[in-house]
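# Understanding the architecture of this molecule
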Amino acid sequence: MRIGLIGTGRIGAFHAEVLSRHPAVDGLLVADADPERAAATAARTGAAAVTVGGMFTGADAGVPDAVVICSATASHAGLIARAARAGLPAFCEKPIALDLPGTLGALAEVEAAGSVLQLGFMRRFDAGYAAARAAVREGRLGRLHTVRAVTSDPAPPPAAYLPLSGGLYRDCLVHDFDILRWVTGREVREVYATGSDAGPGMFRAAGDVDTAAALLTLDDGTLATATATRCNGAGYDVRMELAGELDQIAVGLDDRTPVTSAEPLGPGAPVKPWPGFLERFAPAYEAELDAYLRVVRGELANPCDGREALSALRIAEACEVSRRERRPVAMAEIPGG
């Protein structure tokens with residue numbers, strides 16, 4: 001199978017390495033808006049560097065069997081539509097688009113073409129989250145009453161990234177919103193969100209926040225909190241705690257979790273805290289690409305289609321409205337449901 005990869009930045013280069021050694025891939029084409037970056041990735045992975053246009057027309061090295069989209073967020077919707085019209089299955093890093101109209105437009109193209117679109121919510125392929133999902137679905141926790149989700153980046157991204165990111169809810173917490181739905185099997189009914197821009201001034205300049213919190217009421221009455229920050233100097237911290245009437249479990253709690261106990265007999269500081277998302281979720285990223293290749297081969301049902309991404313984005317949109325208007329927002333108020 002020949003795979004085309006568009007976008008060779010940090011995550012694209014990682015995916016190219018994974019695809020280059022996958023036994024189901026016998027040819028890899030890579031393209032980037034920066035031809036030199038594409039050429040460098042091609043040289044490292046044994047791929048062929050092509051243009052984005054050539055990826056779809058076959059003018060450079062033939063048309064691939066499927067595409068993986070890792071380019072800048074603003075290009076995702078257009079590339080998804082282009083792949084759909086070409087009849088090519090597509091994997092795309094989240095998000096489809098930074099707004100609901102763009103997301104709905106791209107999904108309409110996919111549905112009209114009857115093509116495959118898998119979204120890159122890698123936490124669905126993490127062993128800890130999968131185990132938590134099984135525990136909830138099998139009733140081992142009893143009635144679930146509380147969920148706590150945490151996503152903390154060790155340092156802010158470059159200032160130039162912020163205006164393009166869609167904001168902390170759409171760019172970062174959207175992962176928590178997706179995994180909350182996936183683990184619990186429930187839908188969010190209402191959100192109440194707030195945020196703080198008390199950190200570096202670049203967040204205020206971009207109209208964004210560096211720290212955010214949301215209270216989410218699920219459709220069965222379960223309460224969930226989701227918090228995120230760009231300024232967690234201890235390290236990269238992604239966790240989920242699920243509490244039920246019978247038991248309580250945690251995802252992401254290990255000897256690399258960047259948390260130090262204040263108790264006299266508690267564990268000390270982690271020796272090697274997680275530095276970032278690629279290190280923490282490397283196995284999950286590999287597993288999601290393997291799943292995608294199996295979807296393309298017809299061996300597996302799509303584990304995360306575009307409608308799943310739409311659901312997570314709608315929750316992020318509701319949080320933005322709540323933060324801006326300082327009120328609870330019912331999901332029924334957000335279009336696209």
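## What about the pairing of strand 5 (residues 90-93)?
Alternating positions in strand 5 separate into two faces, Ala90 and Cys92 on one and Phe91 and Glu93 on the other, with burial throughout. As paired elements, strand 4 (residues 66-69) and strand 5 share three bridges and run parallel to each other. In the sheet register, Val68 faces strand 5, and the bridge partner there is Phe91. Crossover connection from strand 4 via helix 4 (residues 76-85) to parallel strand 5: handedness right-handed.

## A word on the sheet that holds strand 2 (residues 27-31)
Strands pair in a sheet through their backbones, by hydrogen bonds, and they do so in one of two ways: parallel or antiparallel. Spatially, six strands are ordered 3-2-1-4-5-6 in an open sheet, and the strand pairing comes out parallel. For this open sheet the edge positions go to strand 3 (48-49) and strand 6 (117-120), each flanked by a neighbour on one side alone. The strands that helix 10 (residues 277-296) touches are strand 1 (2-6), strand 4, strand 5 and strand 6; relative to strand 5, the one it contacts most, it runs at about 155 degrees.

## Some points on the packing of aromatic side chains
Evaluated as defined, the whole model comprises four aromatic pairs. An angle of 65 degrees between the planes, with centres 5.9 Å apart, marks the rings of Phe14 and Tyr285 as edge-to-face. Here Phe14, found in helix 1 (residues 10-20), pairs with Tyr285, found in helix 10; they are 271 residues apart in sequence, far enough to count as distant. The residues Phe14 and Tyr285 share a single accessibility class, namely buried. For the pair Tyr236 and Phe281, a centre-to-centre distance of 6.5 Å together with 90 degrees between the ring planes defines the contact as edge-to-face. Here Tyr236, found in the loop between strand 10 (223-229) and strand 11 (237-244), pairs with Phe281, found in helix 10; they are 45 residues apart in sequence, far enough to count as distant. Under the relative-accessibility criterion, Tyr236 is labelled buried at 5%. Classification of Phe281 as buried rests on a relative accessible area of 0%. Taken together, the aromatic side chains of Phe14, Phe277 and Tyr285 make up a single cluster linked through ring pairs. The aromatic ring of Trp182 is capped on one face by Arg133, whose charged end is 4.6 Å from the ring centroid. Looking at Arg256, its charged tip hangs above the ring of Trp274, at a distance of 3.9 Å from the centre.

The rules behind these values
Residues numbered from 1 in each chain as written. Predicted model: local features only at pLDDT ≥ 70, side-chain atom pairs only at ≥ 80, totals over all residues. Heavy atoms only, no water. Buried < 20%, exposed > 50% of the residue type's maximum accessible area, 1.4 Å probe, protein only. Helix = DSSP H or I, 4+ residues; strand = E, 2+ residues; numbered from the N terminus. Pairing = 2+ DSSP bridges. Right-handed = clockwise from strand over helix to strand, strands pointing away. Contact = heavy atoms within 4.5 Å. Axes fitted to C-alpha atoms, helices over the stretch in contact; angles between N-to-C directions. Phe/Tyr/Trp six-rings, centres within 6.5 Å; stacked < 30°, edge-to-face > 60°. Lys NZ or Arg CZ within 6 Å of the ring centre and 35° of its normal.

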